[in-house]
Amino acid sequence: MHGVSLKQLLTEIVEHYGFEILYAYLNINCFSTKPSIDSSVKFLKKTDWAREKVEAFYLYQFKGLPRASAEQFELPPRDRIVPPEQQPGPPAELSLEDAERLREKRARKAAAHDRDAGQRKGPRQRPANPSGASEKDSSDPWAKWRK
């Protein structure tokens, strides 16, 4: 991605897909609320996570490059090295219907992850009351000094 400015990158993908598809796939508000190239570039320059998301979209959806190796995947998209033998492919065909299916799939996966995480932790138990006071007394911190 060396030599490709953020504005040039964004202009290319907006001309091909449009802001509506970008918002549907990336879920970044700068593509839905009064979108423009200049305002999006301004936001993306300030926000690392959003810029990396757009750059990864550019590489793997728009340019059609194969997935990065595990070692390269640890780097931000702009710092990844694309081997010279890898040539960009045609842009992926994307639709709003596919974006909705992808969003639903991600939501199901997140719900399953949350459900599994809750089962691993087990029930929370309160520590035993070291003072030996009853539960009713422990709600009042001054109970043991009252007569």
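Just so it is clear, the structure is predicted and the values come from calculations on it, not from any experiment.

### Quick word on the nonpolar core
- In this structure, Leu10, Ile13, Leu22, Phe31, Val54 and Phe57 are the most contacted members of the largest nonpolar core, which totals 25 residues.
- Secondary structure elements with two or more residues in this core: helix H1 (6–17), helix H2 (19–26), helix H3 (37–46) and helix H4 (48–62).

### Considerations on the packing of H1 against H3
- Where H1 meets H3, the axes come as close as 10 Å, and the angle between the chain directions of the two elements is 130°. Here H1 is positioned oblique relative to H3, judged by the angle of their axes. The hand of the H1/H3 crossing is right-handed. Every residue of H3 that contacts H1 at Leu6, Lys7, Leu10, Thr11 and Val14 is listed here: Ile37, Asp38, Ser40, Val41, Leu44 and Lys45.
- Taken together, the residues that form the contact of H1 with H3 break down as six nonpolar, two polar and three charged.

### Notes on the packing of H2 against H4
- One can describe the packing of H2 onto H4 by two numbers: an axis separation of 11 Å at closest approach and a directional angle of 110°. Put simply, H2 runs roughly perpendicular to H4. Note on element contacts: H4 touches H2 through Lys53, Val54 and Phe57, opposite Leu22, Tyr25 and Leu26.
- For the contact of H2 with H4, the per-class residue count stands at five nonpolar, no polar and one charged.

### Some details on the packing of aromatic side chains
- Applying the stated rule across the entire model yields five aromatic pairs.
- Ring plane angle 75° and centroid distance 6.2 Å describe the contact between Tyr17 and Phe62, whose orientation is recorded as edge-to-face. On the criterion of sequence distance, the pair formed by Tyr17 in helix H1 and Phe62 in helix H4 is long-range, its members being 45 residues apart.
- Under the relative-accessibility criterion, Tyr17 is labelled buried at 12%.
- Judged by relative accessible area, Phe62 falls into the buried class, the value being 10%.
- Aromatic pair Tyr25 and Phe57: ring centres 6.5 Å apart, planes at 50°, arrangement tilted. Placement of the pair is Tyr25 in helix H2 and Phe57 in helix H4, with a sequence separation of 32 residues. Note on accessibility: Tyr25 and Phe57 belong to one class, buried.
- Among the aromatic residues, those joined into a cluster by ring pairs are Tyr17, Tyr25, Phe57, Tyr58 and Phe62.

### Thoughts on the pattern of salt bridges
- If you walk through the whole model with that rule in mind, you get six salt bridges.
- Residue Lys7 is joined to Asp38 by a salt bridge in which the shortest nitrogen-to-oxygen separation is 3.1 Å. One end of the pair, Lys7, is in helix H1; the other, Asp38, is in helix H3, and 31 residues separate them in sequence.
- Assessed through its relative accessible area of 52%, Asp38 is described here as exposed.
- The closest approach of N and O atoms between Glu55 and Arg78, which form a salt bridge, is 2.8 Å. One end of the pair, Glu55, is in helix H4; the other, Arg78, is in the loop between helix H5 (70–73) and helix H6 (96–121), with 23 residues separating them in the sequence.

Cut-off values and rules
Residues numbered from 1 in each chain as written. Predicted model: local features only at pLDDT ≥ 70, side-chain atom pairs only at ≥ 80, totals over all residues. Heavy atoms only, no water. Core = buried A, V, L, I, M, F, W, Y, C linked by side-chain atoms within 4.5 Å. Buried < 20%, exposed > 50% of the residue type's maximum accessible area, 1.4 Å probe, protein only. Helix = DSSP H or I, 4+ residues; strand = E, 2+ residues; numbered from the N terminus. Axes fitted to C-alpha atoms, helices over the stretch in contact; angles between N-to-C directions. Parallel < 35°, antiparallel > 145°, perpendicular 65-115°, else oblique. Left-handed = near helix turned anticlockwise from the far one by under 90°. Contact = heavy atoms within 4.5 Å. Nonpolar A, V, L, I, M, F, W, Y, C, P; charged D, E, K, R; others polar. Phe/Tyr/Trp six-rings, centres within 6.5 Å; stacked < 30°, edge-to-face > 60°. Salt bridge = Lys/Arg side-chain N within 4 Å of Asp/Glu carboxyl O.

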